[in-house]
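# Commentary on secondary and tertiary structure
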Amino acid sequence: MRTFWGPDFGALERDDPEIADVLLDELARQRDTLTLIASESFTSPAVLAALGSTLANKYAEGYPGHRYYGGCAQADRAEELAVERARELFGADHANVQPHSGASANLAAYAALAEPGDPVLAMGLPHGGHLTHGSRANFSGKWFHPIAYRVAPDTELIDYDEVRDLALAHRPKLIICGATSYPRLIDFARFREIADEVGAYLLVDAAHFIGLVAGRAVPSPVPYADVVTCTTHKALRGPRGGMILCREELAQRVDKAVFPFAQGGPMMHAVAAKAVALREAGTPAFQEYAHQTVRNAQALASWLTAEGMRPVTGGTDTHLALLDLREVGVSGREAEARCAAAGIALNKNVIPYDPEKPAVASGIRVGAPSVTSQGMREDEMRRIAELIGLAVRCDPQTAAGTSRLAGIGEEVTGLVRRFPFYQEQEVLA
Ligand code: DSN
């Protein structure tokens, strides 16, 4: 008879009450507060079951059929399923599901496509890029020669003419597009044209929007990119981790760059959980979620405009919006803290050409994947925007401000409790 040994919370409470306490508090936080972090969502109980499974015990360095350890039959099956599902869902020639994170996936992509010292053209961090796109604090800026492109000051859209000019001037080995706080669609065809013109590889970092691609809510970069990197834990709703998709001729280079170059043993429990998430992402229900996520982000951006906040680029085509708070007269840092005090988790974010330093920032970033997973729709986005508008204007240094924030927090809790994601767990707890 086959049996499943799943997470046993009773054992954890008995053996390690301190960590059990942390987990209970975290579930309560996720249940009672509002998550508008653009890079988060909720994983399904099925994904969590795979993550909490005994595959966590298995070493499986290598790839299916070519492992450096015995006993890998189940590890092979899990990885083959994940790879096959990724290839089918995204129409990719090849998939590598072993990267531990998006940053690890990017490290491997650089290793597959460029040599240390090579020029790499990518979106600057202050304009919406990512640390791994050439920040001096990161391997990408230390080991490669980063050149940053920007958004245009007037439209706040990627300045494709500048991208082309920089590409012609610097002849990068690698051009990267994909961002962490750019709310608009990216013209992958235009990037492909520019890359072809200068003989560069095109890497699309789709970490933020791969879930929307899976749900057919935004165009896919796969037909245009040499390599696509992504995370699996954002709008895709999988476990924390990374993934790489590429053309067949780059498959070997990508695989070798992940293992043995950048990583050792894959986290097979996470690989199995990625397979589960990729299966879920192929369903009509997931497509509906992806489309509703975009509609919710658009509604949120539009109602936040009514609260006196300016959406960068004028709105959004994706799961996130970036709001300039200068008219409201509070910094991103203050807004983040005030919203947190009211049970609303979002993050401060620089806006293009921000006069403030990143630790202060003039803007906030909001995202709709979590609230959409919970079943909220446009009506709730309207009320959420109003609550944010009230919260950012409360001065927590005053008794009146603190009391108002507490009142907003009570309404926030009431709202999110009407949309619990982990309903089964509520019964168990
Ligand atoms: N930390 C991620 C985000 O929030 O966008 C990017 O790595």
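Structure shown above.
A brief structural summary. In this text, all values refer to a predicted model and were calculated from it rather than measured experimentally.

Geometry of an aromatic ring pair is reported as the spacing of the ring centres plus the angle between the planes. For the coordinates displayed, the defined rule picks out 15 aromatic pairs. Look at Phe-139 and Trp-143: their rings are 6.0 Å apart centre to centre, the planes differ by 55°, and that puts the pair in the tilted class. Of this pair, Phe-139 and Trp-143 both sit in helix H6 (residues 139–143), separated by four residues, roughly a single helical turn. Of the residues examined, Phe-139 reaches a relative accessible area of 14% and is grouped as buried.

The next thing to look at is the pairing of strand S7 (residues 174–177). Burial along S7 is two-sided: Leu-174 and Ile-176 facing one way and Ile-175 and Cys-177 facing the other are all buried. Pairing geometry for strand S5 (residues 119–123) and S7, over two bridges, is parallel. The partner of Leu-121 across the bridge, within S7, is Ile-175. Pairing geometry for S7 and strand S8 (residues 201–205), over four bridges, is parallel. Bridging across to S8, Leu-174 finds its partner in Tyr-201. Between S7 and its parallel partner S8, the chain crosses via helix H8 (residues 188–198), and the hand of that crossover is right-handed.

Reading the values: the criteria
Residues numbered from 1 in each chain as written. Predicted model: local features only at pLDDT ≥ 70, side-chain atom pairs only at ≥ 80, totals over all residues. Heavy atoms only, no water. Phe/Tyr/Trp six-rings, centres within 6.5 Å; stacked < 30°, edge-to-face > 60°. Helix = DSSP H or I, 4+ residues; strand = E, 2+ residues; numbered from the N terminus. Buried < 20%, exposed > 50% of the residue type's maximum accessible area, 1.4 Å probe, protein only. Pairing = 2+ DSSP bridges. Right-handed = clockwise from strand over helix to strand, strands pointing away.

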